[in-house]
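Geometric and topological summary
As a plain string of letters, each chain reads:
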Amino acid sequence: TAQDETLIPPLNSLGMIALYRGDIAKAEKYLEEARVIAVARKSPLLEQVLGNCSELYMRLGKADEAAKALQGARAAQTTQYGAALRTSDAWRAAVLDVNEASGNSALGHDGIALQQVLGAVPVLRARFGNDGFFTQKAIALAARLYQKAGDRANALGLRKYITNKS
């Protein structure tokens, strides 16, 4: 593995894309390489990489590793952004909230997951707009959770909410 810090952003992005597409093998390859470099170089992107690794580990059925990665991501975020996570950088915490919600859903904690993701949606929408990747990811998760709970009306309403451009 090359230890060039400039490889972290593209590896992390490729890992995110692979996760989104469901190509777990590729996601694991890219994100593990990004993680190794980010940890070794103490990269400012460590929180993003660990957040994505958390989602990857959950999809691989490694709940303990997912929890550790998420904890590391939150610690790195707090160190790097501090109080700004409650103001201008709140979107960063919201991204991790969606990852955590996804993990909670996978563990059968759908009520907790729904509350987490619903709390993240307005923050992500304010930062990325309706069409942003993270906004859409959060809305899709919330809609699936509503659907799973048998609440078709809220699932459909949430999808309409995100397409409302006003």
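Residues numbered from 1 in each chain as written. Predicted model: local features only at pLDDT ≥ 70, side-chain atom pairs only at ≥ 80, totals over all residues. Heavy atoms only, no water.

Let us look at helix H1 (residues 8–21). For H1, with 14 residues, the first-to-last C-alpha span of 20 Å sits near the 20 Å given by 1.5 Å per residue. Along H1, the residues classified as buried are Ile8, Leu11, Asn12, Gly15, Ala18 and Leu19. With its buried residues spanning 125° around the axis, H1 presents them on a single face. Those residues of H1 that are exposed and aimed more than 90 degrees away from the buried face are Tyr20 and Arg21. Tucked inside the fold, the buried residues of H1 contact helix H2 (24–41) and helix H3 (46–59). (Helix = DSSP H or I, 4+ residues; strand = E, 2+ residues; numbered from the N terminus. Expected span 1.5 Å × (residues − 1). Buried < 20%, exposed > 50% of the residue type's maximum accessible area, 1.4 Å probe, protein only. Arc of directions from axis to C-beta. Contact = heavy atoms within 4.5 Å.)

This part is about the packing of H1 against H3. At a minimum axis separation of 10 Å, H1 and H3 run at an interaxial angle of 30°. Viewed along their axes, H1 and H3 adopt a mutual orientation that is roughly parallel. For the crossing formed where H1 meets H3, the hand is left-handed. Facing H1, whose interface residues are Ile8, Asn12, Met16 and Leu19, H3 presents Gln48, Val49, Asn52, Glu55, Leu56 and Arg59. Classifying every residue of the contact of H1 with H3 gives five nonpolar, three polar and two charged. (Axes fitted to C-alpha atoms, helices over the stretch in contact; angles between N-to-C directions. Parallel < 35°, antiparallel > 145°, perpendicular 65-115°, else oblique. Left-handed = near helix turned anticlockwise from the far one by under 90°. Nonpolar A, V, L, I, M, F, W, Y, C, P; charged D, E, K, R; others polar.)

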